[in-house]
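Chains, contacts and geometry: an overview
Listed below are the residues making up each chain.
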Amino acid sequence: MKTRLVIWLLCVSAFSVLAQPASAPLSDAQAPTITSTADHSQFDSLHQEFDYAPDVTEACLECHTEAGKQLHETFHWSWRKEVDGKMVGKGENAFNNYCISAKGNESCTQCHIGFGWRNEEFDFAAEENIDCLVCHDQTGTYEKSAASSGHPYYEDTVVGGRLQKAVDLSFVAQNVGDPGRDNCLSCHALGGGGNGVKHGDTDLSLANPEYALDVHMSPEKLNFSCQNCHTTSEHSISGRYNDRKAFVDHELNMGRPERIGTNVSCESCHSAQPHEQRVIDNHSSKVACTACHIPEMARGPYLTKLSWDWSTAGELKDGKPFVVDAEFDGIEHHQYVSKKGTFVWGRNVVPQYRWYKGELGQMTYLSDIDPTAAPIDINPPTGSYADPDARIWPFKIHQGKQPFDTELNRMLPIKLYGRKGSGAFWTEFDWDKALAAGAKLNNIEFSGQYDFIETNGYWPIKHMVAPASDSVACIECHSQQSRLNGLNDFYLVGRDRTSWVEYFGVIAIWGGLLGIILHALTRLFMLRKRRANHNIKDDES
């Protein structure tokens, strides 16, 4: 029988404000309910016809005088942090095994909280380049364009066969408020090229999830916004960044207020021992809450990408790129795209498990690799059984096949986006040119010799928390077909066997049986002896 883990939801209302339900996009005639202390529709500075988004930001900063300075200090703005003396992040040096690098793929900067980051000339010090509306829009009408590197649509445009209406900047500016799920998901659910592609636990289904999909965010129960857990201070949002742990495991019972703007963990609300069963609570020192309470990833109506093979990209039909669609679990998806290569997708996928203490290592373009050690772990979690701060965590391990320099033994970026003549792969489909241009953009050396190598990208699973009744059963780990078969640095009851344990078990079993037999024989012998003595006494009498 499954052992069900019971979650205690501890007095959430004492320190959190529940979000309003996610709403559908509004028409120009509609306006959201005012929930803040300011009605922005009453500000004269916002009653003008804006035709350029940075002008809206300048109007915002007239009142919110410190917001620009605060945002410039955040990872959301810089996309890089200094780690061990070098800058690391999607904005510099670091890479993944999806679209590889932000430099060279300006469509990535569509999700940057700024306007116009398309090359080295972008001014990170200019406060007017901050996009206030992408996080604070409450109308559902604000959309950014990849073609303009993060500016909103200034005129009606056909995108992917559908008409994208121009954004009414004045209307949006007059209807802003605290960020909601829709604001966060507009980027975090769509990273990697589409809905649910990158994160196995974050897609657009979290905008209005059923209780069975996510017990925290479902309007049926708690109706959390993202900020209920990812608390914010001076625009710094709690969570894991390249220079910061996701949580502080050696302070499991640190209260939620003390974590504002820094760390986030389940224990912030639930404590380190939230169950009424001691045997389950004893697991918490080595097993993360998510390992039991998120049984599968991509449990909603959408797929997540499990592998991406760049080595097959570039095929053309009649000189033109093409797409091959397929169906998985009743859902249409791209199986092959000339621009990107071959994909494998999944849904209701059992995660893989690794030791994790809130930190991921991160390879950079300056890191040496050993091609014989493929697949290469490009951002492996840190920790082990012997590490007191590490616990077993579920991961989506995305498998990639991407280019590397066969002479220098280093990974290579690709210039994907750009005009003809720029070397952009999506325009010219020439690997030599695209890799040379990508290396130049990222300021790294390229020998001119390349091949493709298999890689692993690690994504911790932490959303889509299931009801306690759907948590992982004991037998799913404590058995020969254990979920934890990828972790072999410790002894797991029910899964592992060692000769001395087996011998000890055999000795204990047979020793026990022998002891019972000897005990029974002794009792019989003593019983017969007592009867014999009793008969002798009877004869003497």
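Refer to the structure presented above.
Rules and cut-offs
- Residues numbered from 1 in each chain as written.
- Predicted model: local features only at pLDDT ≥ 70, side-chain atom pairs only at ≥ 80, totals over all residues.
- Heavy atoms only, no water.
- Helix = DSSP H or I, 4+ residues; strand = E, 2+ residues; numbered from the N terminus.
- Buried < 20%, exposed > 50% of the residue type's maximum accessible area, 1.4 Å probe, protein only.
- Areas by Shrake-Rupley, 256 points an atom, 1.4 Å probe, with all protein chains shown as cover.
- Salt bridge = Lys/Arg side-chain N within 4 Å of Asp/Glu carboxyl O.
- Contact = heavy atoms within 4.5 Å.
- Patch = residues over 30% accessible without salt bridge, like charges linked within 9 Å, V, L, I, M, F, W, Y side chains within 5 Å.
- Lys, Arg positive; Asp, Glu negative; His and termini not counted.
- Charge placed at Lys NZ, Arg CZ, Asp CG, Glu CD.
- Core = buried A, V, L, I, M, F, W, Y, C linked by side-chain atoms within 4.5 Å.

Within the chain, the secondary structure is distributed over 12 helices and 15 strands. Taking all 541 residues of the chain together, 46% fall into the buried category. Counting only carbon and sulfur atoms, one obtains 53% of the accessible surface of the chain, whose full area is about 27900 Å².

Tallied over the entire structure, the rule returns 14 salt bridges. A salt bridge links Asp387 to Lys357, with the shortest nitrogen-to-oxygen separation between them at 3.0 Å. Of this pair, Asp387 sits in the loop between strand E12 (376-377) and strand E13 (391-405) while Lys357 sits in the loop between strand E11 (352-356) and E12, placing them 30 residues apart in sequence. Each member of the pair Asp387 and Lys357 is classed as buried. Between Arg483 and Glu476 there is a salt bridge, with its nearest N and O atoms 2.7 Å apart. Assessed through its relative accessible area of 26%, Glu476 is described here as partly exposed. One connected set of salt bridges, linked through shared partners, spans Glu296, Glu476 and Arg483.

Attention now goes to helix H1 (residues 53-63). Along H1, the positions that sit buried rather than exposed are Ala53, Pro54, Val56, Thr57, Ala59, Cys60 and Leu61. Among the structural elements, helix H2 (67-71), helix H4 (133-136) and helix H5 (169-173) are those in contact with the buried residues of H1.

Residues Glu49, Asp51, Asp55, Glu58, Glu62, Asp123, Glu128 and Asp168 make up a contiguous surface patch of negative charge. Tracing the backbone shows Glu62 in helix H1. Classification of Glu62 by relative accessible area gives exposed; the value is 56%.

Here the focus is the environment of Ser268. Structurally, the position occupied by Ser268 is in helix H7 (residues 267-270). Classification of Ser268 by relative accessible area gives buried; the value is 13%.

In terms of nonpolar packing, the biggest core is built from 34 residues, with Trp310, Ile414, Phe425 and Trp431 touching the most fellow members. Put simply, the parts of the chain that give this core at least two residues each are strand E10 (341-346), helix H10 (425-428), helix H11 (431-441) and strand E15 (450-460). Top element by residues in this core is H11. It accounts for 4 residues. Discounting chain neighbours no more than four positions away, the residues touching Trp431 are Trp310, Ala313, Ile414, Phe425, Tyr450 and Phe452.

We now examine a nonpolar patch on the surface. A surface patch of nonpolar side chains, amounting to about 530 Å² of accessible area, comprises Val506, Ile509, Trp510, Leu513 and Ile516. Take Trp510: it is sitting in helix H12 (residues 499-540). Under the relative-accessibility criterion, Trp510 is labelled exposed at 58%.

In this structure, Ala189 sits in the loop between helix H6 (181-188) and strand E5 (232-233). Put simply, Ala189 and Leu206 are 17 residues apart on the chain and 8.8 Å apart in space, counted from C-alpha to C-alpha. Excluding residues that lie within four positions of it along the chain, Ala189 makes contacts with Gly194, Asn195, Gly196, Thr202, Asp203 and Leu204.

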